[in-house]
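# Survey of secondary and tertiary structure
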Amino acid sequence: MGASNNKFCSADRLLPRCEPGDLVEILHPSSTFNHWGVYVGDGYIIHVRQPWVKKETLAQAAGGRLVRVNNDKHKVLKCKPLRAEKIVNTAYDQVGLDWYNVQFYGCEMFVIRCRYGIKVNVAELYREVITEPKTTPYAMCNPIVMFGHQQHENGIVELDYQNYD
């Protein structure tokens, strides 16, 4: 699986650098939260498009928005990613399912489950983020609260990664 590319670019520029199992982040500049999908190869991602899990081309899913590979959740979750084949198979197994629930099963939770094989308990993360938003590593992986990944990227939430590498 590819390394993270922290610069957003167009879908057509990103595709040559994508590898199966990569997490693709789609920028939503007018929203607090970005959209996520799992790259499965041949120009396709699998992602949660309310309420279904769908397979679409990266270009379709991005809809003209900027994208990037972001495989850095292991720093936050303190676990290693599964093999690329397992990540892709897990994503394919979910296609067609009614998966979406804003509190527990959003697009970011979907890609975490596919890539790391874990289900993130958003309620526990929410409580931890609200009490100490500047020190919790979970601020970056919780799509419910204002202290999410996009705020981290914009420098609003400062996370200490030295203990999580």
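Residues numbered from 1 in each chain as written. Predicted model: local features only at pLDDT ≥ 70, side-chain atom pairs only at ≥ 80, totals over all residues. Heavy atoms only, no water.

## Details of the confidence of the model for the protein chain
Applicable threshold: The predictor's confidence in any single residue is recorded as pLDDT, a number from 0 to 100. Contacts are assigned to residue pairs with any non-hydrogen atoms lying within 4.5 Å of each other.
Looking at the protein chain as a whole, the pLDDT averages 75, with 65% of positions reaching at least 70. Considering only residues more than four positions removed or in separate chains, one finds that residues 129–165, a stretch of pLDDT under 50, has 87 contacts.

## Structural notes on the sheet that holds strand S5 (residues 67–69)
What counts here: Pairing between strands requires that DSSP locate at least two bridges from one strand to the other. Only DSSP runs of H or I with at least four residues qualify as helices, and only runs of E with at least two residues qualify as strands; both kinds are numbered from the N terminus onward. Here, axes are lines fitted to C-alpha atoms. For helices the fit covers the stretch in contact, and angles between N-to-C directions go from 0 to 180 degrees.
Pairing is antiparallel in the open sheet, where five strands are placed in the order S4-S3-S2-S1-S5. Looking at which strands have only one partner, the edges of the open sheet turn out to be strand S4 (52–57) and S5. The mean inter-strand angle of the sheet, taken between neighbouring strand axes irrespective of direction, is 30°. Inspection of the sheet shows strand S2 (residues 35–41) paired to strand S3 (residues 44–49) by four bridges, in the antiparallel sense. Residue pairing in the sheet places Gly-37 in a bridge with His-47 of S3. Where helix H4 (residues 84–94) meets the sheet, its contacts fall on S2, S3 and S4, and the angle it forms with S2 comes to roughly 115°.

## Some thoughts on H4
To keep it simple, the criterion reads: Type-normalised accessible area, obtained with a 1.4 Å probe on protein chains alone, sets the label of each residue: buried when under 20%, exposed when over 50%, and partly exposed for intermediate values. In this context, the arc is that of the directions from the helix axis out to the C-beta atoms.
Regarding H4, the residues found buried are Ile-87, Val-88, Thr-90, Ala-91 and Gln-94. Taken end-on, H4 shows its buried residues confined to a sector of 160°, consistent with a single buried face. Residues of H4 that are exposed and angled more than 90 degrees away from the buried face: Glu-85 and Asp-93. Residues of H4 that are buried make contact with S2, S3, S4 and helix H5 (107–116).

## Points about the pairing of S2
For S2, the buried fraction is high: seven of the seven residues fall into the buried class. The pairing of strand S1 (residues 23–26) with S2 spans four bridges and is antiparallel. Looking at S2, one finds that Leu-23 is bridged to Val-38. Between the antiparallel neighbours S2 and S3 lie two residues, among them Asp-42 with a positive phi of about 55°.

## Details of the nonpolar core
It is characteristic of soluble globular proteins that their nonpolar side chains tend to be buried jointly. Where we set the bar: Here, the term nonpolar core denotes a set of buried Ala, Val, Leu, Ile, Met, Phe, Trp, Tyr and Cys residues that are joined through side-chain atoms within 4.5 Å.
One finds Val-38, Val-40, Ile-46, Ala-91, Phe-110, Val-111 and Cys-114 to be the most contacted residues of the largest nonpolar core, which totals 14 residues. Of all the elements in the fold, those that place two or more residues in this core are S2, S3, H4 and H5. Sort the elements by how many residues they give to this core and H5 lands first, with four residues. If near-sequence neighbours (up to four positions away) are discounted, Ile-46 is found in contact with Gly-37, Val-38, Val-40, Val-53, Lys-54, Lys-55, Ala-91, Tyr-92, Val-95 and Phe-110.

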